[in-house]
Structures are given as C-alpha cells and as structure tokens.
Amino acid sequence: MYNTCIENEKRERENMMNFDSVSKRYPQLVEFRNYVLSFYAYDSKLYPIADLTVAKVEKAIMQYLKLVSSVKTHFEWAADSLDRERVRDILLKDYHMMKLIDEVA
C-alpha cells in the first residue's frame, strides 16, 4: 500500500512536469522551444543536429528547468542564448550537463 502511494505521487509529479502542462502556464516556453529549434532543427541553416525532434527539445528543456530550479546549481532562466546553448548541451549529452542533471535528480 505504501509503495503504491509513493509510485502514484511520483507519477503525479512527472505529469505535472511535462512540457505541455508547463507551457500552458508559461507560454514563453513554446517561444523558447521554437527559438532552440530555429538553431538546431535538422533543416536549420545554422547548427543542425541530426535526428532532432520537437519531443527531444521539449524533454531537454524540462531537464534544464530542473537544473534552474535546483538549489544545487546557480543557473538563472532568461530564455536567452545561454539557456539555448545549455539545452543544446543536454541534447548532445554533454558530460558536464549530464552530471549536473544526475546530481539534482
């Protein structure tokens, strides 16, 4: 019974933190997602990342937002080029960014 309650709570937290639900409260996330895609989408003339999908970008943004909201990091959210590059690093599985994500999880 106790384990079921814990698992339900985990699912609820995960559902609360999906891109669609968060972007409804913060529509600027959709703008930021599109900004990231404008640089890294497969058809971008700038820095295309092979096999990049909208879902992958949204997942990387959510991982980055966990870093921003963690007391273990000193990241600030501005939806600017620094945030875009950090999301890119998550997409490319940059060692340093992945280590930070593991630490705040």
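Data block above holds the structure.
So, how was this worked out
Residues numbered from 1 in each chain as written. Predicted model: local features only at pLDDT ≥ 70, side-chain atom pairs only at ≥ 80, totals over all residues. Heavy atoms only, no water. Salt bridge = Lys/Arg side-chain N within 4 Å of Asp/Glu carboxyl O. Helix = DSSP H or I, 4+ residues; strand = E, 2+ residues; numbered from the N terminus. Buried < 20%, exposed > 50% of the residue type's maximum accessible area, 1.4 Å probe, protein only. Polar contact = N/O pair within 3.5 Å; in protein donor to acceptor, adjacent residues only side chain to side chain. Contact = heavy atoms within 4.5 Å. Axes fitted to C-alpha atoms, helices over the stretch in contact; angles between N-to-C directions. Parallel < 35°, antiparallel > 145°, perpendicular 65-115°, else oblique. Nonpolar A, V, L, I, M, F, W, Y, C, P; charged D, E, K, R; others polar. 1 Å grid on protein atoms, 1.4 Å probe; cavity = no way out; pocket = protein on both sides within 12 Å on 5 of 7 lines; lining within 4 Å. Points joined across faces, edges and corners; volume = space filled by probe spheres on them. Core = buried A, V, L, I, M, F, W, Y, C linked by side-chain atoms within 4.5 Å.

S.K.: Give a description of the pattern of salt bridges that names residues and reports values.
M.R.: All chains considered together, the criterion is met by two salt bridges. Notably, a salt bridge pairs Glu58 with Arg33, separated by 2.7 Å at the nearest N-O pair. One end of the pair, Glu58, is in helix α4 (residues 54-69); the other, Arg33, is in helix α3 (residues 28-40), with 25 residues separating them in the sequence. Glu58 gets classed as buried once you look at its relative accessible area, which sits at 15%.

S.K.: How would you explain the side chain of Ser23 if you had to name every residue and give the values?
M.R.: Inspection of the secondary structure assignment puts Ser23 in helix α2 (residues 19-25). Under the relative-accessibility criterion, Ser23 is labelled buried at 11%. Polar side-chain contacts of Ser23 include one of 3.1 Å to the backbone oxygen of Asp20. Aside from chain neighbours lying at most four places away, what touches Ser23 is Leu29 and Val30.

S.K.: Describe the packing of helix α5 (residues 81-91) against helix α6 (residues 95-104), and please don't skip the residues or the numbers.
M.R.: Geometry of a packed helix pair, given as the angle between the helix axes and the separation of the axes. For the pair α5 and α6, the least separation of the axes is 8 Å and the interaxial angle reads 90 degrees. It follows from the interaxial angle that α5 and α6 lie roughly perpendicular. In contact with Arg86, Asp89 and Ile90 of α5, α6 contributes Met97, Met98 and Ile101. For the contact of α5 with α6, the per-class residue count stands at four nonpolar, no polar and two charged.

S.K.: With reference to specific residues and values, describe the layout of surface pockets.
M.R.: Roughly 220 Å³ of volume is contained in the second largest pocket. Those elements that place two or more of their residues in the lining of the second largest pocket are α4 and α5. No other element matches α4, which puts five residues into the lining of the second largest pocket. Partitioning the lining of the second largest pocket into residue classes produces seven nonpolar, one polar and four charged.

S.K.: Before we move on, can you summarise unusual backbone geometry with the specific residues and values?
M.R.: For Asp51, which is not a glycine, the phi torsion comes out positive at approximately 65 degrees. Here Asp51 lies in the loop between α3 and α4. A residue is classified by how much of its surface remains accessible, and Asp51, at 63% relative accessible area, is exposed. Although it is not a glycine, Ala79 sits at a positive phi angle of roughly 55 degrees. Inspection of the secondary structure puts Ala79 in the loop between α4 and α5.

S.K.: Outline the nonpolar core, listing residues and values.
M.R.: By size, the foremost hydrophobic cluster in this structure holds 26 residues, and its most contacted members are Ile61, Tyr64, Leu67 and Val87. Secondary structure elements with two or more residues in this core: α2, α3, α4, α5 and α6. Per element, the largest residue contribution to this core is eight residues, and it comes from α4.

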